[in-house]
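# A closer look at the structure
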Amino acid sequence: MSAKIVKYDAIKHLIPADSVYASLHYPHDESEQIYVYFHEGDVNLEVMVDLDEPLKNLPGKYDESLYLSFIVINGNCSAKNIYNRETDGSTGLIVLGNLNADNIVVGGQEIYVTGNMECQELYWGDYNHGGLVVEGTIQAKVLMSTDYGLDFERFSSLENMKIDHLLWDEITDDGEYEESGIIDDLFLPDFVYEAHEIIDEYYSWKDRLKDHKIFEALKSGTSVIRDTIAIPTQNKDIPFFFEDYKISADNLQRFADSPILTGMAPEIGEELVLEYWDENVFYRLYTKIGEEFSTHAYIQYDESYACLIYFYKDPGNLLKRLSGKASYSFAQAYTVLPGDKWKLIDAKAPEKYHSFLQDHWKKMLDHYSEMIWNREQFEQKITKEKIETILNLPVVKDKYSDYYSEEGDSALFYRSFQWQFRQADNEQGQCARLSILKETRNDAYEFYHFDMKETTDGRLAPILYSQHTDGFESEVYEVEVTERETFRKALHYFEILEKSIFRINNLYVENNFDDNRIT
């Protein structure tokens, strides 16, 4: 049989080093009394797993009174629903592979997944005696955290996540619980208290939920989340800019239909290039303003070989030559680096060049579509009016406008962020700026400066800048649109600031402001 109850020492070598169940966290003299349910290989649990009483549902016949510290699946795990009520302490779960479930509603233990985790409907983690660690992608229709252990840096940046709706007490202002109506939009009515049924103030997303009803539904396999959710998802699909993924003349020319390549104020005859590395692949786009068939795409693998998609002048037939009209054809070619001749990618070309070009052309189209989307979202959500409004808030002007202070008191600390504000009339004569500094795992910082600058088309608007090292003397550079992750993070971190700064200002105006209260 592939499943058995073992003592801790038998499987401790399998436990990830940063798990709370790693041997570092268990005294050796107690390990003899720690029992673990161990399953070797992939498992499909076509049952509801109650982690308060896991042996009632897990494969095999065991003494159900035996207390399991945690479960280890050495492979992929699929289940219907995984849940428990006792958030002070319950059986943990380690999946050394991927975890897929309809719903997971847990607390009082660690859920650790070394691969990807996917919840078809709801992941709800409750209370600070439990936490979630997923090394791969986290995917869920709704993920709700109520005083639960999540990696703040990862979840605040939405790193490697596909979550349609994230409800997270850690970044929610008190007023949002009552005013937003999100709970009604996400959960079926049977599981939501009506407003008149709640006497106390709202302090958490769970305050409007009938958790006893939710557990009954999980036990019976009934859905708790609506099939159709009217509100927009947080994990928005990026609009695709092109007609399709084909390597075609139309798609190649389509690049020049966006200012991502051409800029906001191009001039006839101007040669424009957009280029960047993505891991070990280099991408370059070129066009010449005013020349219809000048656009070409160059994709290079490391220092080994490169492919080119381009137009070339075709002499055509006699009638075309006599008419004096130039004729252009569309082609693909490859070269071996360094310095080999270009050769056509045709039926005789090696398959690896066909495959490489097909795969990375698709990625190039996705990258370009994302660049357009990021630029549009930045211009819509981070505006001149918003920056000026924030800079003029009383709490900002009175307490946090001494941007160049050497006393370390010019930043507003908010969780893992520092927010800094430079007024237009600053002593250095620099432009107005709103800065977000995000602390990283290695005690360094990422920098996001929103500078009020004149754009190429004559507008005054926020421009995104960054820097590589700390300190006022560090060189600041404009973030290129090709830096897609930086733009994604800047948009998300600005949203966190925008949601919180007005509440903080209200506290200040009402004389209820306390620096320690907001950190």
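Since this is a predicted model, take the numbers as computed values, not measurements.

### Observations concerning helix 12 (residues 484-509)
For helix 12, built from 26 residues, the straight-helix expectation of 38 Å at 1.5 Å per residue is met to within 8% by its first-to-last C-alpha distance of 38 Å. The principal kink in helix 12, of about 25°, is found at Ser500. Asn511 occupies a position one or two residues after helix 12 and carries a positive phi of about 60°.

### A look at the layout of surface pockets
Its volume calculated, the second largest pocket comes out at about 790 Å³. Taken together, 38 residues line the second largest pocket, and the ones lying closest to its centre are Met264, Arg375, Thr456, Ile463 and Glu478. Where the lining of the second largest pocket is concerned, the elements lending two or more residues are helix 7 (259-262), strand 13 (271-278), helix 9 (351-381), helix 10 (384-391), strand 22 (445-454) and strand 23 (460-467). Of all the elements, strand 23 adds the most residues to the lining of the second largest pocket, at 6 residues. For the lining of the second largest pocket, the per-class residue count stands at 20 nonpolar, 6 polar and 12 charged.

### Comments concerning the packing of helix 9 against helix 12
Two elements in contact, helix 9 and helix 12, have axes separated by 10 Å at closest approach and are oriented at 30°. Considering the angle they form, helix 9 stands roughly parallel to helix 12. Seen from above, helix 9 lies across helix 12 with left-handed handedness. Here helix 9 contributes His367, Glu370, Met371, Asn374, Gln377, Phe378 and Lys381 to the contact with helix 12, which in turn contributes Arg484, Phe487, Arg488, Leu491 and Phe494. Among the residues making up the contact of helix 9 with helix 12, the classes are represented as 5 nonpolar, 3 polar and 4 charged.

### Here's the deal with the pairing of strand 5 (residues 77-83)
Within strand 5, 5 of the 7 residues are buried, which leaves it mostly tucked inside the rest of the structure. Examined bridge by bridge, strand 5 and strand 7 (residues 99-106) share 6 bridges and lie parallel to one another. Of the residues in strand 7, the one forming a bridge with Ser78 is Asn100.

What counts, and where the lines are drawn
Residues numbered from 1 in each chain as written. Predicted model: local features only at pLDDT ≥ 70, side-chain atom pairs only at ≥ 80, totals over all residues. Heavy atoms only, no water. Helix = DSSP H or I, 4+ residues; strand = E, 2+ residues; numbered from the N terminus. Expected span 1.5 Å × (residues − 1). Bend = angle between axes of the 7 residues up to and from the residue. 1 Å grid on protein atoms, 1.4 Å probe; cavity = no way out; pocket = protein on both sides within 12 Å on 5 of 7 lines; lining within 4 Å. Points joined across faces, edges and corners; volume = space filled by probe spheres on them. Nonpolar A, V, L, I, M, F, W, Y, C, P; charged D, E, K, R; others polar. Axes fitted to C-alpha atoms, helices over the stretch in contact; angles between N-to-C directions. Parallel < 35°, antiparallel > 145°, perpendicular 65-115°, else oblique. Left-handed = near helix turned anticlockwise from the far one by under 90°. Contact = heavy atoms within 4.5 Å. Buried < 20%, exposed > 50% of the residue type's maximum accessible area, 1.4 Å probe, protein only. Pairing = 2+ DSSP bridges.

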